[in-house]
Structure formats: structure tokens, C-alpha cells
2 protein chains.
Amino acid sequence: MNIVISGLGIIGGSYAKALKKYTDHYIIGINRSEQPLQQALECGAIDKAGSPEDLKTADMLILGTFPEAAVHFVEENAHLIPSGCIVCDTCGIKSRICPQLSELAAKHGFTFVGVHPMAGKEKNGFSASEADLFVGASCIIVPCGADEDKVEIVAKLAEKIGFSQIVYTTPENHDRMIAFTSQIPHVIACAYVQSPCCPVHKGFSAGSYRDVSRVAHINEKLWAELFTENRTALLQEIDVLSEKLAAIRTALENDDRGKLEEILAESRRIKEELGE
Amino acid sequence: MNIVISGLGIIGGSYAKALKKYTDHYIIGINRSEQPLQQALECGAIDKAGSPEDLKTADMLILGTFPEAAVHFVEENAHLIPSGCIVCDTCGIKSRICPQLSELAAKHGFTFVGVHPMAGKEKNGFSASEADLFVGASCIIVPCGADEDKVEIVAKLAEKIGFSQIVYTTPENHDRMIAFTSQIPHVIACAYVQSPCCPVHKGFSAGSYRDVSRVAHINEKLWAELFTENRTALLQEIDVLSEKLAAIRTALENDDRGKLEEILAESRRIKEELGE
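My aim in this report is to walk through the structure given alongside it, one point at a time. Keep in mind that what you see is a predicted model, and the values were worked out from it rather than measured. (Residues numbered from 1 in each chain as written. Chains lettered and ligands numbered in written order. Predicted model: local features only at pLDDT ≥ 70, side-chain atom pairs only at ≥ 80, totals over all residues. Heavy atoms only, no water.)

Time to look at the relation of the copies chain B and chain A. Rotating chain B by 180 degrees and translating it 0.0 Å along the rotation axis places it on chain A, where the RMSD comes to 0.0 Å. Put plainly, the chains are arranged around a two-fold axis. A shared interface surface links the copies, since 100% of the contact residues of chain B are contact residues in chain A too. (Least-squares fit on C-alpha atoms with pLDDT ≥ 70 in both. Contact = heavy atoms within 4.5 Å.)

Here you go:
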């Protein structure tokens, strides 16, 4: 296949490197700035530094940019995308963008399949990309009504580049789950490190601090976009968390050790039942 | 030295193993139940399964039990502890127990030095102990007015068994910092996993979920005790966290992406300034 990747950040760059490492597809990179393209060419992550014109012969387009930018790119270049081409995003939210991309696909005759690779780091840019970023990770596929054979091509490719699990879901369920598994941990990390104790934590901290604070090293533009584009589900999860925190606070305020034990035991049981 | 360790759980057990691995001291284990003593003898983590009578010839007593149990053990056996013996706790809270242990030490002529090894796991018991649990970790020492030469013996021993950093502080500052670095992450983890999304997270999660939820696999008896014994500092940190969460929630509720970016950027700067 001719695969065009638009946006060579950590995700697009890792797709390029993984596709070159694990498949024989021809990879064309498109990026707003020149430098990542040159780096990708030099290290062999792409075969060609391309332009939207290359979409004319593309079998697949992978959108490695932020959600809004991904939709804009497809809007602007939809007339160049051949029918038969599979367009995949890689965004962390789905309800806001999938309907727009599906509509563009229907109008112009190509196929859209939503994809969310559950992999990343607290670093960004092509320099943070890795051929094995997806190894062992889960790939969420949001078919959005695309033909089964096209969805299967996307799934097979995901398995080839290292994903160990494929999960199929709807945009709505994706966003609800991601609010919990990914967005709330970022909200927590950012709130947590703003304690006056944080700047003087060294010597007093171990694994717990490190793990909870890790993703506070955040890309604020990306995450502010992801948060606002998933506002309803995220507000709901913040409220659930606040309610659970308040229950612990009340037990502590009342010096009620029995109640605290009960709450903590419930959390332990949840982890144990998950085999974690 | 003759070193008595009372309580062979993960911490006391790791002290025993580390002392046997890195020093030539003679190690005597005391434990309420028999099984850990037999395991410790069999694997060479202790030289002798002892009893409180062994305190009579002890140069050092390490308290590996929960805070209240540690105080009770010293109260009951203070008459057996020779003057010159150094008694160290290993507890995660200090303000509530250090004054009691210092008073017992003054009354009976031995020395008390507060110690908090900043190491642990989400597992418990002797079977989870490791000779290298403390390697690279920080050891917090709370001298509580003990003679400098005794404090130095404790610090040198900590370095010998692998700690990479020794931090000296007061009980009050210890508890304030620990509320932030260790207790709040445990509160967060336990609140987090109680979301209705948690039992169905598989396939939708990656590192963020794993890191934040890790310590929800909690020992509820130990942590309910640690939380209530550090009630004031922990309540304060819960309130700081709730306030920061509320600020993010308000920006999101208002769909104010600029404000969200500002809050997240502040968190990123805090991490960057810490070099994390």
C-alpha cells in the first residue's frame, strides 16, 4: 500500500517507524514544518517527504495530528483522496470528530475508520517517536459504519505493527471510557503537582509520587483540546472522583477508622477482581 | 551489632535481608506469628528466631510493625531494652508516635531515632520483602533530639543497606510532606478505581490508568491507621487537591480552553522546574 501519514509527532512518527520496521508498505510523510520530515527521511521512517498531492495515489491516510487539525486536513484535501482509500485518525477523542470525518468520507467516496492507539509518553514530537511504541498496547477501533473488509485491513495492520489487542467500540463509549482511563489521570496529575508541597518533595517521595505526577509533564494545547472536546464525559468523571474523594474526606474528618477501612477495602477488592 | 527486628513484614523482612546481604551484624527476628520467622530463618534473613528477652543484649531495635503496634511493643518491653540501645521505627507517620517513643527512651535510658524508609510495594508480608528494596531510595531520619553519634550510626547503616539519600527532618514536616508524596496518591488511587468505568477498563487503558490505580491494591488496616494518625495534614492536602480539581472543572464547565491551557501549562512548568 501507499500510506500517507499526516503529522509526524510522537504518534505519526511512531506509525511511520513501525510500518517501516514491520511491513513493506511505501510510507509518505506530510508535516507542516520541515524538520521532522527531514529527520524521518534520514532515519528511514518514511520513503518520501510528500505533499497533499500524494493523496491521489494513497491507499491509506493516517492522521497523526490533533483532533481539530485532523478534521481540517481532511476537509481541505478531501477532493484529492481517492475512493477506496482508508482514512484513519489516531485521536484521543471520537464523538466530536468521527461524525464529521464519516460525513466527509461518504461525500467523497473514501472510507473513514476511527483509531485510537492506547500508547504514548509524557514527551512529544518526532524525536520521541519509536518503532515499538505500540508493542503490547491496545488499539481501539471505532468503525463508524465502515465496510467490514476495510475495518479488517486496519485491524490486521495494527496487529502487524505490534498492538496486542484490538477493541471495537462506538465513539460515545470510547469517549466515556477514555475520560476515565486517560483524561482523569491527566487531570489528577495536573491538580496534584500544584500543591505547595510539590516543589520541595525531593527526599520525601518514592513510587507513588512519581506515578501519579508523571503525566503532569503535559502538552497543554493538546490536552486542553482533548478535554474540551470530551467535556460531558470528563465532567462526569471529575464529579465521580470528587464524590469518592469527599467520602474519604468525611470518614477522615470524623476520625472514623472503620469507615475508612471499609472504603479502602472496597478499592482493594476492585483491583483484585480485575487481577491487578 | 546485635540487631533485633520486631515485625517481619515487607519492611522488617527487607531490613533483615538487606542487613544480612550488606553487613555482618547478627540479626534476631521477633514476630507475632511463627510462619514469617521460619521463612526468614530458612532463607537466612535472620540468624535467630527470638523473643523480647533478646532485647537485653540488643544494640539496635528496628520496629517493622504498624505505628500503634510499634509503640505498644516498646511500652511493653522498655524494661528489657538496655541503655545504649538505639530504637528505630520505620513508620509512615511521625508526629503521633515520635513523642511517645522519645519519652519512653528518656525514661528507660535508651535512644530513639525516627526512620521512614521511602520504599515499598503494593504487596505486603515477608514474602514480598527484598534485600534490595531500599537500593536507590530515600531514608528519612527524624532525630527527635537523639545524640548525634547515635543518629550517625543509623544514617551509616541506612547507606550500607542501599539507601541513596538521607534526609533529616522534624516529625511535623515529615508528616506534612508524606501527606503529599505518599498518602494523597493512595487516597487518589482508592477514589479513582471506584468509578463505574473501572471494572470495564480493559482494552481502553494504558500507562496512565496503571500508574494512578496501582496503589489502590491497598492494605486497608495499615492505611486507615496511617491516614487517621496524620489526619490534619492529610485533610489539608485533600482540600488543596479538591481546590485544584475544582479549578480545572470550572474551566471545563465554562468551555474555557484558554484557562485550561493556562492551568495545565502551570503544572508542566512545575514538573520541568523539578527536572522531571
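From this point on, the discussion continues.
Residue and element names in this part refer to chain A. Every buried residue belonging to helix H4 (residues 98-108) is among Cys98, Leu101, Leu104 and Ala105, and all of these are buried. Axial view of H4: buried residues confined to an arc of 130 degrees, hence all on one face. Of the exposed residues in H4, the ones pointing more than 90 degrees away from its buried face are Glu103, Ala106 and Lys107. The elements touched by buried residues of H4 are helix H3 (67-77), strand S5 (86-89), strand S6 (111-117), strand S7 (138-142) and helix H6 (171-192). Looking at the residues trailing H4, positive phi occurs at glycine 109, about 90 degrees. (Buried < 20%, exposed > 50% of the residue type's maximum accessible area, 1.4 Å probe, protein only. Helix = DSSP H or I, 4+ residues; strand = E, 2+ residues; numbered from the N terminus. Arc of directions from axis to C-beta.)

Listed as interface residues are 85 residues of chain B and, on the opposing side, 85 residues of chain A. Interface area for chain B against chain A, summed over the two sides, is near 8,300 Å², with a carbon-plus-sulfur share of 66%. Our count for the chain B to chain A interface comes out at 12 salt bridges. Between the two partners, chain B and chain A, sit 40 residue pairs in polar contact (both at pLDDT 80 or more). Among the secondary structure elements, those contributing two or more residues to the side of chain B that touches chain A are strand S7 (138-142), strand S8 (165-168), helix H6 (171-192), helix H7 (207-213), helix H8 (220-229), helix H9 (231-253) and helix H10 (257-273) of chain B. Residues of the side of chain B that touches chain A, tallied by class, amount to 43 nonpolar, 19 polar and 23 charged. (Buried area = accessible area lost by both parts, 1.4 Å probe. Salt bridge = Lys/Arg side-chain N within 4 Å of Asp/Glu carboxyl O. Polar contact = N/O pair within 3.5 Å; in protein donor to acceptor, adjacent residues only side chain to side chain. Nonpolar A, V, L, I, M, F, W, Y, C, P; charged D, E, K, R; others polar.)

To continue, consider helix H5 (residues 148-160) of chain A. Residue and element names in this part refer to chain A. For H5, built from 13 residues, the straight-helix expectation of 18 Å at 1.5 Å per residue is met to within 8% by its first-to-last C-alpha distance of 18 Å. When we look at burial in H5, the residues that qualify are Lys150, Val151, Val154, Ala155, Leu157 and Ala158. For H5, the angular spread of buried residues about the axis comes to 160 degrees, placing them on one side. Residues of H5 that are exposed and point over 90 degrees away from its buried face: Glu148 and Lys160. (Expected span 1.5 Å × (residues − 1).)

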